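Structural characterization, general
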Amino acid sequence: MILTTALLSGLALPALATTHATLSLSNFSTVLKDLNAGDGKAPEISWGGGYATTNSEDRSQLGWKMDSGFANIDWSSESRQQQSAWTTPGLSTVSQHGNGTQQVKMSDFNFEELKLDANAAVGHNVSSGAMFGQNFTLAAGTQATFSVTANSILSGPGYVGPWTAPANWNGDASSYSAVYADLRIGSFNTGLSGMGSSSWIGQADEYESIIDGQVMKLTIKNSSLVDKSYSLNLSGNAQAWEAAAPVPEPESYAMFGAGLLLLGAVARRRKG
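Quick summary incoming for the structure in this document. Bear in mind that the values here come from a model prediction, so they are computed numbers and not experimental data.

**Remarks on the side chain of Ser224**
Residue position: Ser224 is located in the loop between β12 (207–222) and β13 (228–242). Within the structure, Ser224 has its side chain in polar contact with the side chain of Asn222 (distance 2.6 Å).

**Some thoughts on the nonpolar core**
Leu25, Phe136, Phe146, Leu183 and Ile185 are the most contacted members of the largest nonpolar core, which has 37 residues in total. Leaving out residues up to four positions away in the same chain, Phe136 has contacts with Ile45, Ser46, Trp47, Gly48, Phe146, Ile185, Lys228, Ser229, Tyr230, Ser231 and Leu232. Of all hydrophobic cores here, the second largest spans 10 residues; its members include Ala71, Ala173, Ala243 and Ala245.

**With respect to unusual backbone geometry**
In this structure, Asn27 takes a positive phi of about 55 degrees despite not being glycine. On the basis of relative accessibility, which here comes to 56%, the residue Asn27 falls in the exposed class.

**Remarks on the sheet that holds strand β5 (residues 90–94)**
Spatial ordering of the open sheet is given by β5-β6-β7-β1-β9-β12, a layout of 6 strands whose pairing is antiparallel. If you trace the sheet from one side to the other, it starts and ends with β5 and β12, each paired once. Put simply, the sheet's adjacent strands are angled 10 degrees from each other on average, direction ignored. Where strand β1 (residues 18–34) and strand β7 (residues 110–121) come together, 9 bridges link them in antiparallel fashion. Within β7, the position partnered with Leu25 by the bridge is Leu114.

**Brief notes about empty space enclosed by the protein**
Summed over the entire model, instances satisfying the criterion amount to 1 cavity of 30 Å³ or more. What the largest cavity holds in volume is close to 40 Å³. The wall of the largest cavity is formed by Thr54, Asn55, Ser56, Gln81, Gln82, Gln83, Thr93, Val94 and Gln102. Of all the secondary-structure elements, those providing two or more residues to the lining of the largest cavity are β2 (45–67), β4 (81–85) and β5.

How each quantity is defined
- Residues numbered from 1 in each chain as written.
- Predicted model: local features only at pLDDT ≥ 70, side-chain atom pairs only at ≥ 80, totals over all residues.
- Heavy atoms only, no water.
- Helix = DSSP H or I, 4+ residues; strand = E, 2+ residues; numbered from the N terminus.
- Polar contact = N/O pair within 3.5 Å; in protein donor to acceptor, adjacent residues only side chain to side chain.
- Core = buried A, V, L, I, M, F, W, Y, C linked by side-chain atoms within 4.5 Å.
- Buried < 20%, exposed > 50% of the residue type's maximum accessible area, 1.4 Å probe, protein only.
- Contact = heavy atoms within 4.5 Å.
- Pairing = 2+ DSSP bridges.
- Axes fitted to C-alpha atoms, helices over the stretch in contact; angles between N-to-C directions.
- 1 Å grid on protein atoms, 1.4 Å probe; cavity = no way out; pocket = protein on both sides within 12 Å on 5 of 7 lines; lining within 4 Å.
- Points joined across faces, edges and corners; volume = space filled by probe spheres on them.

Spatial relationships are all this shows, so hold off on functional conclusions.
Encoded structure:
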């Protein structure tokens, strides 16, 4: 129990270790199809104004804590930043401590690109998110297929060095990164995700995960006889965190050293 308490009170801080998560959504396109070829009307879509929102969270590790009988990473509860814009160029923001960036590009209120970066040094938990929204109207008898291309890189370091898990450790990773992307129209959606992690024990290797030009598609059909309005949303999130491992305090090292001396004395007495 004494050793467990000591392990939770300190932090091992390996230098220059960073975990990264990047996500980009681009090459947005719309393909129309005529569902009523015999009515003499061409398929048609009309767009409304576009808008963008960004959000970020940049937290620091306070240490470790016991929660419901398990040892968990103790992250600070810093306020979440959120911004929005209806402007033509789009929106570009940076997280509170500069470890995450969010960018949405628009041209004449139409979507061009969404880019997210989350970069976590040891002892930090960073989340970057963004969303683009735009209303549109489909003429009667029109089918629209929307597509967008996703690219992502997730990477993190392995852990090198001696480490013993504290009692009741719940297996939290030392490095973790993840992305999620979503293309949505009303209650219909398609999405993709990626994740990577390493731990102090077991899976302790450096990792890299790549999404290379994966296309998300979503089709909506207005097969009615009247025009209909819809709402399109493109969103993404990138998260990266890297935790410092608990280490024994000097008192624990002293106890460990005293134990070794005692074992040595016992061994010498047996030889004598």
